[in-house]
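# Observations on the model geometry
One letter stands for each residue in the lines below.
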Amino acid sequence: MYSPLARTPIVRIALPFGLGIMAWHCTTSVAFGLITLSVGVASAVAFSFIGRHNPMVRYRVVPWHSLAIALISIAAGWFAAYVAAPKCINLEDVNGKVVTGTIRSVKYTQKSMSMHVESSELGSILLSTKGHNRRLRIGTDIAFRANLQETANLGNPFEFDYKQYLYNRGIIYTQHTDVAHIVPLSRNDGILYKVGHYRETIENLIKSTALSHDAKGFMIALILGNNDYITPQSHDSFSKAGAAHILAVSGLHVGIIAMIIWGVLFPLDYYGFRRLR
């Protein structure tokens, strides 16, 4: 008896993984993730030993491995959402102090900059500036004096939920400062900088085309997963149409996920359990 999902192995991982992310929005108790993971791992181990010396019994329990994989994937999705969720801090403890961080993404305009900064002290923040400095690029370590504010909407009727938009990107604090008050410390030449450099190159190629501004923003979001150039109105339109995932999941992301799934399923071939795929 073959598993009903033997021909679609990605469904056994991707669908429960998504359910795990949704479960995090229902419960943030760490116990849920730990119990789900423990049951999944225990089930996988148990099904592996059942019928170890009896081919007929082993053949019958093969479909039940899908249950163990689903539970582990749900737990993985829950923990992924838990880790990615922005953490709250006491602003009184950090405001006025000099803090450091690393630029994860940057958007230049003619007279300003907008940077996604990752800091061990602050988490993820949106740092906007008056003026711009081309030395501040992806992968650059910076120092600045914190003066953070919690993200908030203006409160206008039917306005775009910008606060939720930033929260979905892992940001709950913002700061606006003069670019002269940001000190570049060093440039990280690791994988983050190299990937960021290639992303900027592709982004600049798209910007140099004759496409309209909205079309360029859509192409950048579709290929690179960077929706900084999607206007809030356009993003809201995609959300209402149920197609916001198009802007969130890029071709680059799909390629990375495919490599991870291949790495997870490859050992099944190696150990002779190809039917579990």
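Predicted, not measured: the structure shown is a model, and the values here were computed from it.

### Things to note about the overall build of the chain
The helix and strand inventory of the chain stands at 11 helices and 7 strands. Counting over 277 residues, the chain shows a buried share of 34%. Here the chain has roughly 16,800 Å² of accessible surface; of this, 64% comes from carbon and sulfur atoms.

### Notes on the packing of aromatic side chains
Inspection of the entire model under this criterion finds 4 aromatic pairs. Their ring planes at 50 degrees and their centres at 6.3 Å tell us that Phe32 and Trp78 sit as a pair that is tilted. Linking Phe32 in helix α2 (residues 30–49) with Trp78 in helix α4 (residues 65–84), this pair joins segments that are 46 residues apart in sequence. Classification of Trp78 by relative accessible area gives buried; the value is 0%. Measuring from ring centre to ring centre gives 5.1 Å for Trp78 and Phe79, while their planes differ by 85 degrees; the resulting arrangement is edge-to-face. On the accessibility criterion, Phe79 (23% relative accessible area) is partly exposed.

### Concerning the pattern of salt bridges
If you walk through the whole model with that rule in mind, you get 1 salt bridge. Lys207 is the salt-bridge partner of Glu203, the closest N and O atoms lying 3.3 Å from each other. Here Lys207 and Glu203 lie together in helix α7 (residues 191–207), a separation of 4 residues that amounts to about one turn. With a relative accessible area of 9%, Glu203 lands in the buried category. Lys207 sits in the partly exposed class, given a relative accessible area of 32%.

### A closer look at the nonpolar core
With 22 residues, the main nonpolar core has Met115, Leu136, Ile142, Phe144 and Leu148 as its most contacted residues. Where this core is concerned, the elements lending two or more residues are α5 (91–94), β1 (98–108), β2 (112–119), β3 (123–130) and β4 (140–145). Examining the composition of this core, we find that 4 residues originate from one element, β1, more than from any other. If near-sequence neighbours (up to four positions away) are discounted, Leu136 is found in contact with Ile103, Val106, Tyr108, Met113, Met115, Ile142, Val179, Ile182 and Pro184.

### Focus on the environment of Ile202
Residue position: Ile202 is located in helix α7. Taking the C-alpha atoms as reference points, Ile202 and Ile223, 21 residues apart in sequence, are found 9.0 Å from one another.

### Comments concerning the side chain of Gln175
As for its placement among the helices and strands, Gln175 is situated in strand β6 (residues 173–178). Judged by relative accessible area, which is 4%, Gln175 ranks as buried. There is a polar contact of 2.8 Å between the side chain of Gln175 and the backbone nitrogen of Asn147. Every residue in contact with Gln175, bar those within four places of it in the chain, is listed here: Leu126, Leu127, Ser128, Phe144, Arg145, Ala146, Asn147 and Leu148.

### Description of α4
Taking 1.5 Å of rise per residue, the 20 residues of α4 would be expected to cover 28 Å, and the 28 Å separating its terminal C-alpha atoms lies within 8% of that figure. Those residues of α4 not exposed but buried are His65, Ser66, Ala68, Ile69, Leu71, Ser73, Ile74, Ala75, Gly77, Trp78 and Ala81.

### Here's the deal with the side chain of Ser73
Following the sequence through the fold, Ser73 ends up in helix α4. Assessed through its relative accessible area of 7%, Ser73 is described here as buried. Contact partners of Ser73, with chain neighbours within four places excluded, come to Arg12, Ile13, Pro16 and Phe17.

Conventions adopted
- Residues numbered from 1 in each chain as written.
- Predicted model: local features only at pLDDT ≥ 70, side-chain atom pairs only at ≥ 80, totals over all residues.
- Heavy atoms only, no water.
- Helix = DSSP H or I, 4+ residues; strand = E, 2+ residues; numbered from the N terminus.
- Buried < 20%, exposed > 50% of the residue type's maximum accessible area, 1.4 Å probe, protein only.
- Areas by Shrake-Rupley, 256 points an atom, 1.4 Å probe, with all protein chains shown as cover.
- Phe/Tyr/Trp six-rings, centres within 6.5 Å; stacked < 30°, edge-to-face > 60°.
- Salt bridge = Lys/Arg side-chain N within 4 Å of Asp/Glu carboxyl O.
- Core = buried A, V, L, I, M, F, W, Y, C linked by side-chain atoms within 4.5 Å.
- Contact = heavy atoms within 4.5 Å.
- Polar contact = N/O pair within 3.5 Å; in protein donor to acceptor, adjacent residues only side chain to side chain.
- Expected span 1.5 Å × (residues − 1).

The values reported here are purely geometric and, on their own, carry no functional implication.
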